[in-house]
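Analysis of the macromolecular model
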Amino acid sequence: MKEFIVVDTEGSDAISEIAIIDRDGRLLYEAFEQNHPDHAGRLKKRSLAEMLQTFFRLAEKKQVIFHHANHDVQVLRRSCRQAGMPWKRGLQIDCTYELAHRYLPGFASYSLEYLSKKLNLKVNQKYFNPQQAHSARYDAEFTYQLYCKLMELKSSASLRDVLKDKPNPFSSSKVDNPFQDHPDLKQIYQDEFELLKATIDDIRDDRNHQSQGVVIIGEPGTGKTHLIMRLAKELLQVNRLLFIGQPNNADTVLYHIYTRILKSFVETVPGNGFTQLENLLAHSFVRILQATSQQNNNDETILSRIGNNPLALYSLAREGTDLKRKLWQHIERRTNEWWMSQYGLSGYSAQIIKGIIKFCSYTEPRRKELATRWLVANELEPEDAELIGLENWSADLSKEDFSLEAISVFSKLSLLDEPLIIVFDQLEGLGLESNRSLLERFGEAVKEIFTYVPNSLIILNLFPDRWQQFQTFFDGSVIDRISQHKIFLQQPTHEQIEEILRLKVRAIGIDLNRLFMPEELGQILSHRPIRSALNRAADYYRYKSRGIPLPASNQESSATDQAMQPAAQTTVEQRLDRLEQEFRKFHQAMQTIATALGSIYGTPTIPDSQVAISFLNGAGDCHDSDTDFLNPALAESLIVHPDATRQVLDYLKQQRQALIQDYDKLQIITDSDDIGKLMTIAEAFQSIQPFEMDCLRLGKKKLPEHRLFRIGSARSREIAIGFLQVEGSSFTSLLKNFNELVVTHKETNFLLYRDGRQPRIKGKVGLEEIEKLNNAPNGDYRLMEETDRIDFELLYRLIVDIQNRDLELDLLTALEVVTTELRENWLVQLFQPDSLLSQ
């Protein structure tokens, strides 16, 4: 903003008093004409000439702001004539009276008193008092507040035009996984980053390649996962980074870890276009050939043609040719020879090696998908297994034993490459009392990984209180292994957070100082940690780009409360403050409703300035005809919890878009993971309505992963929900057993879900069993298609993110909103209270 001063004069024929305020709101000058009878005895008495000289000196090269500038300029001109001084031409004058007409059209009056009251302006935390008006200093101070408000409206109007088509650069305030791409300010935590890299070097250079553990400890939002993202960005070309979120099923912790490791392995490495698994095999295989003492012609040809680029292995032969088939037969043979010489052929390792080679040999997406499903120990349809040249796993395979061996195979292959980076993140839910058995099994799994998985840097990201809990819960052997190195993330400085904001906003081509006024930036920077500051910046951006009112901020509210406690504050002023706060809450709730309608029904959002003018002019409430379509419960939630409601709606919208984008990507879907997600969702909903969870038994026969829910005031409703993502003979035998339960438990309703992206069941017997289930009066086989799957994942993510404090929301409030927003979802309908079922 250009340098300016705000001036008010009193007097008619000449100046009787003058006050000048600088651009920071401080009193620069105040004086009273020495001969004026009303000012006898005042200390700031000055001659008329001295007052004018000071005014002209302070006004030089500055914008001079008056309210009713014509009147003040006339008084100053008369004063110059009376003092025998020339009038200085070229003053740069602006008038808040005229500016108010431009930016606040339609007001009943434009007097300083009326505008100050209508806009709720304050000086020293007090509203405009007519008893004190017509004092130069008092009027100048309120004119200053008015000018700042008008400049804010002006800036908002022009800035809103600039921002209207630009995305909110602060909306993505957290890193969900290290394979995402977020702006990264390298000077933050750079020493900690170098320690991680040095530890990887130590593992690589150690003759025994023993795995080492690092615990990264930091409060929510300090950037633990962001640090891992930096590691991925810098090292994915060399190392393989494997990211594991919180397990959710105590019976399958190792299997969960393995499937997440495999999911990371099928991520594409930016810059080279190949998956991490393809990178691992290519680099390892080249080392195998180089270490072979008796190289044949094929070995020499391969080495000479790939040169210094192991990834050239994948372009040595064209797809579908005999040359490619022979090449991959040679790769498989040489790899098996090396493995047998080093580790023997016991257990599942030889089959796992073969599956890895098959995955890497295929370029066709379907075959790669089949190989991935095979690698997670799923049974394939016979023709699919034959298509990729692999034999199905035995029915009695232990997935926990298999998973540990598979992870070990990957790490032993990495001995020919570079150390693995295995990251455990989002573990806060493990600390819940209901998850004690899960936490115990997790500790055992981590200990087994340290024992059987060499050449790996194993990182745990934890909150300080969770780290304290882990130290008291796990035995010393586990703690010693996982915490060979401890990294404590300290809060960044205000200057560093400001640099992050600049880095973020640079993406949309806007200068940070244009986007935020100094006091706004100060309020944003007062929020800690980093994520909280980014979330507050996102709030301000929504306000400036779309007119959405700022939600309440605990930090700013408490600071305001303290500032509003002067000893001389009157009871009337306190009541006015409370009234203003209530008005703003109501205004905010109405705007939130309008915004929610805009996102749900495509209704245009009402700009904040228009809403304000409508209220200030007494034009009635902000009516929108589409409110009739808004669910009453959501409307009530919007008014009772406007900030939390908008936060949940924004979260659901953002996460839904991400899930839709990823929906058609290669996915690893398992029964154990889905049942774990269902249990997490159910346990959260138990805080709204208590119900019982159980499992059904059928002797020693295996059943699909399922849970039985007894719901209602008298546990009057019983429903069993299961998942069956397998195929082949496993699908048929498990469904047969499930159908036996359906027949023998006629009082229970049974739902069996299969993801719509899984292969369709083709076998005659399997299709007959599906038909039996659907024909049963208490049975239903359903495909979980895109909408239901995304809603299912949304519920799970919302709950886990709140548990991990990635989302600063109360769980009950969030569920209150989500049960209304997703009211058509089958799970929401299942778990909502009986009182809502009858509506």
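All of the points below concern the structure found in this document. (Residues numbered from 1 in each chain as written. Predicted model: local features only at pLDDT ≥ 70, side-chain atom pairs only at ≥ 80, totals over all residues. Heavy atoms only, no water.)

So, helix 2 (residues 69-83)
Here helix 2 is 15 residues long and its end C-alpha atoms lie 21 Å apart, about the 21 Å a rise of 1.5 Å per residue gives. Taken together, the buried positions of helix 2 are occupied by Ala69, Asp72, Val73, Val75, Leu76, Ser79 and Cys80. Seen end-on, helix 2 carries its buried residues on one side only, within an arc spanning 160 degrees. Turned more than 90 degrees off the buried face of helix 2, the exposed positions are Asn70, Arg81 and Gln82. Structurally, helix 2 contributes buried residues whose contacts are with strand 1 (4-10), helix 1 (48-59), strand 5 (63-66) and strand 6 (92-95). (Helix = DSSP H or I, 4+ residues; strand = E, 2+ residues; numbered from the N terminus. Expected span 1.5 Å × (residues − 1). Buried < 20%, exposed > 50% of the residue type's maximum accessible area, 1.4 Å probe, protein only. Arc of directions from axis to C-beta. Contact = heavy atoms within 4.5 Å.)

Some words on the nonpolar core
Counting 85 residues, the largest nonpolar core has Phe410, Phe424 and Phe442 as its most contacted members. Those residues in contact with Phe424 that lie beyond four places of it in its chain are Ile244, Ile257, Phe442, Ile449, Ile458, Ile459, Leu460 and Asn461. By size, the runner-up hydrophobic cluster in this structure holds 46 residues, among which are Leu235, Leu457, Ile487 and Ile508. (Core = buried A, V, L, I, M, F, W, Y, C linked by side-chain atoms within 4.5 Å.)

Observations concerning the packing of helix 12 (residues 349-361) against helix 15 (residues 399-414)
Geometrically, a packed helix pair is captured by the angle between its two axes and the distance between the axes. Where helix 12 contacts helix 15, the axes come no closer than 10 Å and their chain directions differ by 60 degrees. Accordingly, the angle class assigned to the pair helix 12 and helix 15 is oblique. Crossing handedness for the pair helix 12 and helix 15: right-handed. Of the residues in helix 15, those in contact with Ser349, Ile352, Ile353 and Ile356 of helix 12 are Phe402, Glu405, Ala406, Val409, Phe410 and Leu413. A breakdown of the residues in the contact of helix 12 with helix 15 according to their chemical character gives 8 nonpolar, 1 polar and 1 charged. (Axes fitted to C-alpha atoms, helices over the stretch in contact; angles between N-to-C directions. Parallel < 35°, antiparallel > 145°, perpendicular 65-115°, else oblique. Left-handed = near helix turned anticlockwise from the far one by under 90°. Nonpolar A, V, L, I, M, F, W, Y, C, P; charged D, E, K, R; others polar.)

Thoughts on the packing of aromatic side chains
Tallied over the full model, the rule gives 38 aromatic pairs. Judged by centre distance (5.9 Å) and plane angle (35 degrees), the rings of Phe170 and Phe516 are tilted. With Phe170 in the loop between helix 5 (136-163) and helix 6 (190-205) and Phe516 in the loop between helix 20 (512-515) and helix 21 (518-525), the pair connects residues that are 346 residues apart, well separated along the chain. Residue classification places Phe170 among the buried residues on the basis of a relative accessible area of 1%. Grouped by ring-pair contacts, the aromatic residues Tyr258, Phe265, Tyr348, Trp374, Trp393, Phe402 and Phe410 constitute a single cluster. One residue, Lys368, lies across the ring of Phe359, its end atom 4.4 Å from the ring centre. The ring of Tyr343 has Lys412 lying over it, and the distance from NZ or CZ to the ring centre is 4.8 Å. (Phe/Tyr/Trp six-rings, centres within 6.5 Å; stacked < 30°, edge-to-face > 60°. Lys NZ or Arg CZ within 6 Å of the ring centre and 35° of its normal.)

Concerning the pattern of salt bridges
Under the definition given, this model contains 56 salt bridges. With a closest N to O distance of 2.8 Å, Arg502 and Glu498 form a salt bridge. Note that Arg502 and Glu498 are positioned in helix 19 (residues 494-506) at a spacing of 4 residues, about one turn of the helix. The residue Glu499 makes a salt bridge to Arg502 at a minimum N-O spacing of 3.9 Å. One end of the pair is Glu499 and the other is Arg502, both in helix 19 and 3 residues apart, which spans about a single turn. (Salt bridge = Lys/Arg side-chain N within 4 Å of Asp/Glu carboxyl O.)

A closer look at the sheet that holds strand 5
If you trace the 6 strands from one edge of the open sheet to the other, you get 4-3-2-1-5-6, paired in mixed fashion. Single-partner strands in this sheet number two, and they are strand 4 (45-46) and strand 6. In the sheet, strand 1 pairs with strand 2 (residues 17-21) via 5 bridges, with the strands oriented antiparallel. Residue pairing for strand 2: Thr9 is matched across the bridge by Ile18. Taken strand by strand, helix 1 contacts strand 1, strand 2, strand 3 (27-33), strand 4 and strand 5, and its axis lies near 160 degrees from that of strand 3. (Pairing = 2+ DSSP bridges.)

Section: the side chain of Lys368
Positionally, Lys368 belongs in helix 13 (residues 365-375). Lys368 gets classed as buried once you look at its relative accessible area, which sits at 14%. Not counting the four nearest positions on each side in its chain, Lys368 is found in contact with Glu278, Phe359, Cys360 and Tyr362.

Notes on the environment of Gly547
Within the element layout of this structure, Gly547 appears in the loop between helix 22 (530-546) and helix 23 (554-563). The class for Gly547 is buried, based on a relative accessible area of 0%. Residues Gly547 and Arg160 lie 387 residues apart in sequence; the distance between their C-alpha atoms is 8.4 Å.

Some points on the sheet that holds strand 15 (residues 705-711)
The 5 strands lie next to each other as 14-15-16-17-18, forming an open sheet whose pairing is mixed. Edge positions in the sheet fall to strand 14 (692-694) and strand 18 (779-784), since each of these pairs with one other strand and no more. Strand-to-strand, the axes of this sheet are offset by a mean angle of 20 degrees, without reference to chain direction. Two elements, strand 15 and strand 16 (residues 717-723), share 7 bridges in a ladder whose sense is antiparallel.

Brief notes about empty space enclosed by the protein
Evaluation of the coordinates by the stated rule reveals 3 cavities of 30 Å³ or more. For the largest cavity, the calculated volume is near 450 Å³. In this structure, the largest cavity is lined by 32 residues; those nearest its centre are Val175, Thr222, Gly223, Lys224 and His226. Those elements giving two or more residues to the lining of the largest cavity turn out to be helix 7 (224-235), strand 12 (456-462), helix 19 and helix 22. Here the lining of the largest cavity takes 5 residues from helix 7, the largest share from any one element. Looking at side-chain class alone, the lining of the largest cavity contains 12 nonpolar, 11 polar and 9 charged residues. Within this model, the second largest cavity holds a volume of roughly 60 Å³. Counting residues per element, the ones that place at least two in the lining of the second largest cavity are helix 8 (253-265) and helix 28 (671-685). By residue class, the composition of the lining of the second largest cavity is 2 nonpolar, 7 polar and 1 charged. (1 Å grid on protein atoms, 1.4 Å probe; cavity = no way out; pocket = protein on both sides within 12 Å on 5 of 7 lines; lining within 4 Å. Points joined across faces, edges and corners; volume = space filled by probe spheres on them.)

Quick word on the layout of surface pockets
The space that makes up the second largest pocket amounts to roughly 1,200 Å³. Forming the boundary of the second largest pocket are 40 residues, of which Lys702, Leu703, Pro704, Glu705 and Leu734 lie nearest the centre. Taken together, the elements giving at least two residues each to the lining of the second largest pocket come down to helix 15, helix 28, strand 14, strand 15 and helix 29 (728-744). For the lining of the second largest pocket, the residue count by class is 16 nonpolar, 12 polar and 12 charged.

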